[in-house]
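So you can see what is in the structure, the chains are spelled out below.
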Amino acid sequence: MAVPEVGLYAEVRKQIGVVQVVVLVGDRTPTKVHSEIHRNSIEVDFPDKDSKHTFTLPDGVGLNPKSCQGLHWVSGDGIHMRLQLAGDCKHDADEGIDDGGSGCSSVDVEIKALRQSDGAMFRCVSCSGSLLASPRSFSRVLPLPSENWREMSSDWCCHGNEYTRSLGQSSLAPNEADCFVSELYLSVHPVIMDANSVIMKAVTAKDKDAGTSTKRSQVQCCRCRQVLGEALYKANPSDDAKQWSAIENVHLYKHCIQVSDVRQEGGGLDGISCNIFSNYSLEMFLANHFASLSKSQMSFKFIVQSTDDNKAVLLLWLLSYDTMLLCSRSSAVSSCWKPFHGDQEDEKDDGDANAGVQYFRIAKILYHHRKDESFTSLLQEWNRDFGVETVRLPTHSCMELLLLLTTSTQNTPVSLRTMEGFKVGYLRMTTDTNQT
C-alpha cells in the first residue's frame, strides 16, 4: 500500500508570536485526514491508509495548541491554520533558529581567521583567478559598523556637534595594511589589488546622494568578468589611467571571492576553513542587502534596475525579514523538493514516519517582473513615490534574483503564491540548511 504524501509549510513571525501553518496533503479529501497539534510536533493521520506522519518542530519553536484559529481546508493545498507560539518560546525562537550558525553572525570568526593568516590569498569565486599582487598579512583586521551608521551618527550625542557632523560625512577608508570586515563585504586598500587581474566599469546612473563627491565603479575579474565588488573614489576620475590613483578603497563582496591562507594552497590548516566565505551566496547577499537598505533608508519598496541599460527589471516590496520558514521534504510540496535555487537535490524519504523539518531565516518579498501586465503602470506610480528606492545590479544578478524568487514561489502553497496582485517569494538570509 502506497504511503500518502504529506508535507508541512509554516511561517514563524517571532516578533508577534504567530505561526501560519499549512499541512499539505495534496488532493486527499478532508474527511480522510486527521491532524493533531502538540507543543513540539504536528501529527497527520490517514485512517484509510493506516499511516501517520509526525513533524517534529525545531528547538525554540513551541506551539500553543489551544490558540488555533482560522482552521479551514483549501483544495489543492490542505489544512490551513494559525497558532500562537508557546509563551516561553517567543524569545527562545530567536535564540534557537535565527542565525543558523552562519552568514551575518560569523563576522568574529572571519576576523579571527584573517588575523591568524600568515598570508591571505584572494581569488575570484568563478574562475579562481588571483586578485592580489601577492599574499597579504594584515596588521589590522577590524569589524565595520552597520551600513546605516552615518544616519545614526547624528544621534550619538544629545546635541549635534562639529565632530559628529564631520564623522557622518567621512568614509572609513583602510590603510595599506588594513582589512575591514563588514557583514557583506571586505574593505581593503587598492594598493594590494593586482591591477592586471581586475578591471573597472563605471556605472552610469543617477545618484540620489548627489550632494556627495564619492564616485563608484564596479570591480570585475579580468578573466571571467565576474562582478567582485565596487571601488570608491576620492573624486571623479578624469580618465582610465588615473583611476587607480583616485581610488580610496575597494569593497569586495564576500559571495564573489575565495579567501584562504597561503599555507592552504597545498592542504588544509587546522582551525581555519579553506575558504572562510564558503557559506555566502548571491541569495544571502541580496536578502541582507535589501534588509540593510530597508533599515537605513526606511523604505520597503525597491525598483531593481540593470546597470547595463538602466532599465527596470523588478519591483520588490519587502514584507518582512524576521520570518522563519519551516518546511518538510515532501513531494506534496515539490516534485524534487528544491525550495531554493542552487540547492542540491536530496532523496525524498516519503516513508519516514517522523519527517524531518528544515528551517531558514528568510526575507519575504512581493514582486512584479517587467513582463507582468501591470508592471508599466505600477513602475510609473513608484517612480513618483519618494519613499521608493532604486537598486542597481548587474544584469546577470537581476536574472539570478528573478530565478530565486520564482523558484521560491513555485515551492509555496498554491493559495499563498499571490497577494494584492503581486507574486509572493522569499530569499534566505542565511545559507545553512538546518534540520530537526
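Residues numbered from 1 in each chain as written. Predicted model: local features only at pLDDT ≥ 70, side-chain atom pairs only at ≥ 80, totals over all residues. Heavy atoms only, no water.

## Remarks on the overall build of the protein chain
Part 1: Scanning the protein chain from terminus to terminus reveals eight helices and 24 strands.
Part 2: Looking at the protein chain as a whole, 50% of its 436 residues are labelled buried.
Part 3: The contacts of the protein chain with a sequence gap of at least 6 include a subset with a gap of at least 24, amounting to 65%.
Part 4: By element, 47% of the accessible surface of the protein chain is carried by carbon and sulfur atoms, the whole surface being about 21,100 Å². (Helix = DSSP H or I, 4+ residues; strand = E, 2+ residues; numbered from the N terminus. Buried < 20%, exposed > 50% of the residue type's maximum accessible area, 1.4 Å probe, protein only. Contact = heavy atoms within 4.5 Å. Areas by Shrake-Rupley, 256 points an atom, 1.4 Å probe, with all protein chains shown as cover.)

## Quick word on helix α7 (residues 375-383)
Part 1: Listed as buried for α7 are F375, L378, L379 and W382. End-on, the buried residues of α7 take up no more than an arc of 105°, which puts them together on one face.
Part 2: Buried positions along α7 lie against β17 (301-306), β18 (312-328), β20 (357-369), β21 (388-393) and β23 (422-428). (Arc of directions from axis to C-beta.)

## Side note on unusual backbone geometry
Phi is mostly negative for residues that are not glycine, and the peptide bonds are mostly trans.
Part 1: A positive phi is found at S128, a non-glycine position, where the angle reads about 65°.
Part 2: One can find S128 in the loop between β8 (120-124) and β9 (140-143).
Part 3: The backbone of E420 shows a phi angle near 55°, a positive value even though the residue is not glycine.
Part 4: Take E420: it is sitting in the loop between β22 (418-419) and β23.

## Observations regarding the packing of aromatic side chains
Part 1: Evaluation of the coordinates by the stated rule reveals six aromatic pairs.
Part 2: Here F277 and Y280 contribute two aromatic rings whose centre-to-centre distance is 5.7 Å and whose plane-to-plane angle is 90°, an arrangement assigned as edge-to-face.
Part 3: With relative accessibility at 2%, the residue F277 sits in the buried group.
Part 4: On the basis of relative accessibility, which here comes to 9%, the residue Y280 falls in the buried class.
Part 5: For the pair W317 and F422, a centre-to-centre distance of 5.8 Å together with 85° between the ring planes defines the contact as edge-to-face. Of this pair, W317 sits in strand β18 while F422 sits in strand β23, and the two are 105 residues apart along the sequence.
Part 6: Classification of F422 by relative accessible area gives buried; the value is 6%.
Part 7: Three or more aromatic residues joined by ring pairs make a cluster, and in this case those are W317, W382 and F422.
Part 8: Above the face of the W317 ring, K301 is positioned so that its terminal group lies 4.4 Å from the ring centre. (Phe/Tyr/Trp six-rings, centres within 6.5 Å; stacked < 30°, edge-to-face > 60°. Lys NZ or Arg CZ within 6 Å of the ring centre and 35° of its normal.)

## A look at the pairing of strand β2 (residues 18-24)
Part 1: Within β2, five of the seven residues are buried, which leaves the element mostly enclosed by the surrounding structure.
Part 2: As paired elements, strand β1 (residues 7-13) and β2 share seven bridges and run antiparallel to each other. Bridge assignment links Y9 to a residue of β2, and that residue is V22.
Part 3: Between β1 and β2, which pair antiparallel in sequence order, lie four residues; one of them, G17, sits at a positive phi of approximately 65°.
Part 4: Inspection of the sheet shows β2 paired to strand β7 (residues 78-85) by seven bridges, in the antiparallel sense. Along β7, the bridge assignment pairs V22 with H80. (Pairing = 2+ DSSP bridges.)

## A short note on the nonpolar core
Part 1: Counting 65 residues, the largest nonpolar core has F122, L186, M193, L228, L314, L316 and L401 as the members making the most contacts within it.
Part 2: Ranked by the residues each element gives to this core, the list is headed by helix α6 (residues 282-297), at eight residues.
Part 3: Non-local contacts of L401, meaning those with residues more than four positions away in its chain, are made with L286, F290, V304, L314, L316, L393 and L427.
Part 4: Core analysis: the second largest hydrophobic core is formed by 25 residues, V12, V33, I42 and V357 among them. (Core = buried A, V, L, I, M, F, W, Y, C linked by side-chain atoms within 4.5 Å.)

## Brief notes about the pattern of salt bridges
Part 1: Applying the stated criterion across every chain yields a total of seven salt bridges.
Part 2: Taking the shortest distance from any N to any O, the salt bridge between R140 and D178 comes out at 2.6 Å. Taken together, the positions of R140 in strand β9 and D178 in strand β10 (residues 178-181) put the pair 38 residues apart, joining distant regions of the chain.
Part 3: Judged by relative accessible area, R140 falls into the partly exposed class, the value being 38%. (Salt bridge = Lys/Arg side-chain N within 4 Å of Asp/Glu carboxyl O.)

## Side note on helix α2 (residues 107-116)
Count 3.6 residues to each turn of an α-helix, and residues three or four apart come out pointing the same way.
Part 1: Looking only at α2, the buried set comprises V107, E110, I111, A113 and L114. Here the buried residues of α2 occupy an arc of 160° about the axis, which is enough to place them on one side. Turned more than 90 degrees off the buried face of α2, the exposed positions are D108, V109, K112 and R115.
Part 2: Summarising the contacts, the buried residues of α2 are in contact with β9, β10, β11 (185-188) and β16 (257-261).

## Topic: the packing of α6 against helix α8 (residues 395-410)
The relative placement of two packed helices comes down to the angle between their axes together with the axis-to-axis distance.
Part 1: Viewed as axis vectors pointing N to C, α6 and α8 meet at an angle of 90°, and their least axial separation amounts to 11 Å. The orientation of α6 relative to α8 falls into the category roughly perpendicular. Contacts between α6 and α8 involve L282, E283, L286 and F290 on the former and, on the latter, S397, E400, L401 and L404.
Part 2: By residue class, the composition of the contact of α6 with α8 is five nonpolar, one polar and two charged. (Axes fitted to C-alpha atoms, helices over the stretch in contact; angles between N-to-C directions. Parallel < 35°, antiparallel > 145°, perpendicular 65-115°, else oblique. Nonpolar A, V, L, I, M, F, W, Y, C, P; charged D, E, K, R; others polar.)

In short, shape yes, function no, at least from these values alone.
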